[in-house]
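# Close look at the chain arrangement
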Protein chains: 2
Amino acid sequence: MALGKDYATQECSIARALEIVGERWTLLVVRDALYGVRRYNDFLVHLGIPRAVLAARLQTLTAEGILEKRRYQQSPPRDEYVVTERGIALWPTLRALGLWGREHFTETQLRYFRHADCGADLGPYGECRACGVVVPVADVVMVPGPGLDPDPADPVSRALLKPKRLLEPLETEPATA
Amino acid sequence: MALGKDYATQECSIARALEIVGERWTLLVVRDALYGVRRYNDFLVHLGIPRAVLAARLQTLTAEGILEKRRYQQSPPRDEYVVTERGIALWPTLRALGLWGREHFTETQLRYFRHADCGADLGPYGECRACGVVVPVADVVMVPGPGLDPDPADPVSRALLKPKRLLEPLETEPATA
DNA sequence: CGTATTGGTTCGGTGACCGAACCTATGGTG
DNA sequence: CACCATAGGTTCGGTCACCGAACCAATACG
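Residues numbered from 1 in each chain as written. Chains lettered and ligands numbered in written order. Predicted model: local features only at pLDDT ≥ 70, side-chain atom pairs only at ≥ 80, totals over all residues. Heavy atoms only, no water.

What follows concerns empty space enclosed by the protein. For the structure on display, the rule yields two cavities of 30 Å³ or more. The calculated volume of the largest cavity comes to roughly 140 Å³. Lining the largest cavity are 20 residues; nearest its centre among them are Leu18 and Gly22 of chain A together with Leu18, Val21 and Gly22 of chain B. Those elements giving two or more residues to the lining of the largest cavity turn out to be helix H1 (13-21) and helix H2 (26-35) of chain A together with helix H1 (13-21) and helix H2 (26-35) of chain B. (1 Å grid on protein atoms, 1.4 Å probe; cavity = no way out; pocket = protein on both sides within 12 Å on 5 of 7 lines; lining within 4 Å. Points joined across faces, edges and corners; volume = space filled by probe spheres on them. Helix = DSSP H or I, 4+ residues; strand = E, 2+ residues; numbered from the N terminus.)

So, about the interface of chain B and chain A. The partner chain A presents 50 residues to the 50 residues of chain B that form the contact. In this assembly, chain B packs against chain A so that about 4500 Å² is buried in total across both faces, 65% of it on carbon and sulfur atoms. The largest contributions to the chain B side of the interface with chain A come from Glu11, Arg24 and Trp100 of chain B, which together make up 16% of the buried area. Taken together, the connections running from chain B to chain A amount to zero salt bridges. Counting only elements with at least two residues in the side of chain B that touches chain A, the list comes to H1, H2, helix H3 (40-47) and helix H6 (91-105) of chain B. When residues in the side of chain B that touches chain A are grouped by element, the largest group, 11 residues, is from H6 of chain B. Each residue belonging to the side of chain B that touches chain A can be placed in one class, and the counts come to 28 nonpolar, 11 polar and 11 charged. (Contact = heavy atoms within 4.5 Å. Buried area = accessible area lost by both parts, 1.4 Å probe. Salt bridge = Lys/Arg side-chain N within 4 Å of Asp/Glu carboxyl O. Nonpolar A, V, L, I, M, F, W, Y, C, P; charged D, E, K, R; others polar.)

All names here are of chain A. Domains assigned within chain A are domain 1 (13-86) and domain 2 (91-165). Between the C-alpha centres of domain 1 and domain 2 there is a distance of 20 Å. In this assembly, 10 residues from domain 1 lie in contact with 12 residues from domain 2. In total, about 890 Å² of surface goes out of reach between domain 1 and domain 2, with carbon and sulfur atoms giving 78% of it. (Domains from an automatic or database assignment.)

Moving on: unusual backbone geometry. If you check the backbone angles, Leu167 of chain A has positive phi at about 75° while not being a glycine. As for its placement among the helices and strands, Leu167 of chain A is situated in the segment after strand S5 (164-165). Of note, Trp25 of chain B is a non-glycine position whose phi angle comes to about 80°, a positive value. Along the polypeptide, Trp25 of chain B turns up in the loop between H1 and H2.

Below you can see the structure in the form of structure tokens.
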């Protein structure tokens, strides 16, 4: 953590990891990045995060090699943040954490994660229940469940109502009517 | 999070989970609880956490059913905090997070986690590399690696220098010379 | 009786996080 | 050309979580 006080006394890779991704909002930014969110404004409206905090998190995550900032158009200059291998490697953690949250603190199923090749649900650590193999993140399909608000306010949530492969860039509706 | 602002806008079990265990220190307390730490003072010296923060975290974790406070002696009244099933269910998350931290941000191996029955290392999601089965937390043995300080200051770290099963209560040396 | 151990609570200071406002660069429109 | 919209930020004042240190309480030991 870039806090005034890190976990300096800890000899532990969990503590090291939390120094990087343990700050507020950070893991949610990574989650969105895995869902295909890439643009500053999309993170902003989807997360409801203060702008200054988002800017700080994007900078830290880029510096740590979890996201990569790249220019996708020259004029006007526009950058996007794309998740790297190192960020993709956080998927098992997020998967485990989400499963724990759902099993212990959520009543309805919000989203399903399935193996694109066969359609079967993922197991607890991201393996395909049918094939048995650990599914690469790019082959995971996110399908909305019954617990989701069917008509959310922000365009990113609306875009996420359609089944969607992870990592694939999110297409937000161009200024809906 | 019991912060002034939670992740209210998020319909996501990851966000729900982070509201519970996303505050600073919380996951490290759970980690220590899985390692067998049970007493207020042991958490305190091992984590280097401010007393007030530790008291708050223990209370929250108890309220959420992740730890259970119980009296282990009557006179003087002494309580210990024991990890529950719900807390044990966080092991895959911590395992994944620790592995990510080690692979990306740590040079030397700090600890090994092995299957008690056969001695083989655990895989990325806590399965035994030899048997293939997902190892119950109680059958995981933690073995210190070469990266650990061989003579740490606090008694809890010293007690953790010996190979040790997870969940088993930690025996701290009774006031070393 | 004084001291040590365990498990806290209280308190003042600092800094992370908060929302809102402002800034810059470009593009589109009438 | 004036005006507004969009994308991607920075700045600012206020609040609240976190920080370390001090203090408190109950009991045991000598």
